[in-house]
Amino acid sequence: MRLLRFARFAGLALSIACAGAMAQGTAGGAWPAKPIKWIVPYPPGGITDNATRMVLQKVQEQTGWTIVVENKPGANSLLGADLAAKSAPDGSTFLTVIAAHASNATLYAGRMPFDPVRSFSPVSLVGVAPLIMTATNNLPARDVKELIAYAKANPGKVSFGSSGVGAAAHLTTELFKQTAGVDMVHVPYKGTAPALQDLIGGNLQILVDTPSSLMPHVKAGKIKSLGMFSAKRLPGVPEVPTLPEAGGPPLLASTWVMFLAPAGVPADIVNRMSAEVGKAVASPDITRRFESLGIEPVGNSPQQAVKFLDDEIAKWRQVITAAGVKAE
């Protein structure tokens, strides 16, 4: 999944820490005593990287802390997450994760070098990006209600793509299948781009992803939108109805951006970082940028982030188990 690139954030290395913006660490010394390393377990340019850099740029302006973002992609985010999990719990390392972190807890259960829950302390849920369902133009369905009717009349003949097995787009469509009672065939790709090209070409019937990835092609008339997996219409794409408005089940599904710290980081550090992140996300410029890209700004507390992550893990565990999804 890809958002618009923000080149001005590409080399983010935030400026020198100011003494007036320090918290206290375990040894009673000033925090941060050295630059903060922020691991993004994905390549530059996606939702994870861009949202992280946008928010941390604002945190820098608020505090003067030094924060250096390091992209550590690989193994469906497991490489970067493992580096963060094994970092010293002194507040010098943080991690950004997306919805895959919740599904990985089930897909890779017992096979990860860390525990996706116990190895981390959630800091804040930064934002939520509800997903949109789109269709190839030659599919004889104008909305979700007609898609359900067509799929039931043609079991196994409707194919849907995703950016990979276990991706939010994949599991969201599996949830839709289970709830609507339809039989559709999953075609996994290595990323959203090749799936989108097959959707445009008519070789694929359905694709679920972020509005920022798909709406430019909807507006260009290359594909059509069916419905949004959100409780209300998004400010950035008000023309797209929610699933219930389009005749479908009331499903909520999204990718999201969450900030984590390694387990054992002192609570005062986690709380201070959470407060600064919340302040940054609530700023008018970040809110406008998020909303224009289909991201609902959140910026909640560590306790709220813990509950959100627990709920997401439980939700996708049920979907994965019911669908028999296996990690590649």
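The rules behind the values
Residues numbered from 1 in each chain as written. Predicted model: local features only at pLDDT ≥ 70, side-chain atom pairs only at ≥ 80, totals over all residues. Heavy atoms only, no water. Helix = DSSP H or I, 4+ residues; strand = E, 2+ residues; numbered from the N terminus. Buried < 20%, exposed > 50% of the residue type's maximum accessible area, 1.4 Å probe, protein only. Polar contact = N/O pair within 3.5 Å; in protein donor to acceptor, adjacent residues only side chain to side chain. Pairing = 2+ DSSP bridges. Axes fitted to C-alpha atoms, helices over the stretch in contact; angles between N-to-C directions. Contact = heavy atoms within 4.5 Å. Core = buried A, V, L, I, M, F, W, Y, C linked by side-chain atoms within 4.5 Å. 1 Å grid on protein atoms, 1.4 Å probe; cavity = no way out; pocket = protein on both sides within 12 Å on 5 of 7 lines; lining within 4 Å. Points joined across faces, edges and corners; volume = space filled by probe spheres on them. Nonpolar A, V, L, I, M, F, W, Y, C, P; charged D, E, K, R; others polar. Phe/Tyr/Trp six-rings, centres within 6.5 Å; stacked < 30°, edge-to-face > 60°. Parallel < 35°, antiparallel > 145°, perpendicular 65-115°, else oblique. Left-handed = near helix turned anticlockwise from the far one by under 90°.

A. Region of the structure containing unusual backbone geometry. The residue after tryptophan 31, namely proline 32, is reached through a cis peptide bond having omega -5°. Of note in the backbone geometry, asparagine 76 takes a positive phi value of approximately 55° without being a glycine. Inspection of the secondary structure assignment puts asparagine 76 in the loop between strand 4 (67-71) and helix 2 (78-85). The exposure class of asparagine 76 is partly exposed, given its relative accessible area of 32%. A positive phi angle is found at serine 77, which is not glycine, with a value near 80°.

B. Spotlight on the side chain of threonine 210. On the secondary structure map, threonine 210 appears in the loop between strand 10 (206-209) and helix 7 (211-219). Residue threonine 210 is classed as buried on the basis of its relative accessible area, which comes to 2%. Of note is the side chain of threonine 210, whose polar atom sits 3.4 Å from the side chain of aspartate 209.

C. Molecular detail of the sheet that holds strand 7 (residues 132-136). A sheet is described by the order of its strands in space; here five strands give the open sequence 9-8-10-7-11, paired in mixed fashion. Taken across any chain shown, the strands that pair with only one partner, and hence form the sheet edges, are strand 9 (184-188) and strand 11 (223-228). Direction aside, the axes of adjacent strands within the sheet are offset by 30° on average. Note: strand 8 (residues 158-162) against strand 9, five bridges, orientation parallel. Bridging from a neighbouring strand, glycine 161 pairs with valine 187 of strand 9. Contacts from helix 6 (residues 192-201) reach strand 7, strand 8, strand 10 and strand 11, with the element oriented near 145° to strand 10.

D. Just the nonpolar core, in detail. Core analysis: the biggest nonpolar cluster contains 54 residues, and Phe176, Ile206, Phe229 and Trp256 have the highest contact counts within it. Look past the residues within four positions of phenylalanine 176 in its chain and what remains in contact with it is Met133, Val144, Leu147, Ile148, Gly181, Val182, Met184, Phe229, Leu243, Pro249 and Leu251. If you look at the next biggest cluster of nonpolar residues, it comprises 34 residues, including Ala51, Val69, Ile269 and Val277.

E. The layout of surface pockets, seen in detail. Volume-wise, the largest pocket comes out at about 700 Å³. Around the largest pocket sit 31 residues that line it, and Tyr42, Asn76, Ser163, Ala167 and Gly191 are the ones nearest its centre. For the lining of the largest pocket, the element with the most residues is helix 1 (residues 47-63), which contributes three residues. Across the lining of the largest pocket, the residue classes break down as 16 nonpolar, eleven polar and four charged. Contributing elements (two or more residues each) for the lining of the second largest pocket: strand 6 (120-130) and helix 10 (302-323).

F. Highlighting the packing of aromatic side chains. Counted according to the given criterion, the structure contains five aromatic pairs. Considering the side-chain rings of tryptophan 38 and phenylalanine 94, the 4.9 Å spacing of their centres and the 15° angle between planes classify their relative orientation as stacked. Residue tryptophan 38 is located in strand 3 (residues 36-40), and its partner phenylalanine 94 is located in strand 5 (residues 93-97); the two are separated by 56 residues in the primary sequence. The class for tryptophan 38 is buried, based on a relative accessible area of 0%. Ring geometry for tryptophan 38 and phenylalanine 259: centres 4.7 Å apart, planes at 70°, overall edge-to-face. With tryptophan 38 in strand 3 and phenylalanine 259 in strand 12 (residues 254-262), this residue pair connects regions lying 221 residues apart in the sequence.

G. Just the packing of helix 3 (residues 100-107) against helix 10, in detail. Two numbers describe how helix 3 lies on helix 10: the axes approach to 8 Å, and their chain directions differ by 50°. Looking at the two axes, helix 3 sits oblique to helix 10. Classified by chirality, the crossing of helix 10 by helix 3 is right-handed. Mapping the contact onto sequence places His101, Ala102, Ser103, Ala105, Thr106 and Leu107 in helix 3 and Leu309, Glu312, Ile313, Trp316, Arg317 and Ile320 in helix 10. The residue makeup of the contact of helix 3 with helix 10, split by class, is seven nonpolar, three polar and two charged.

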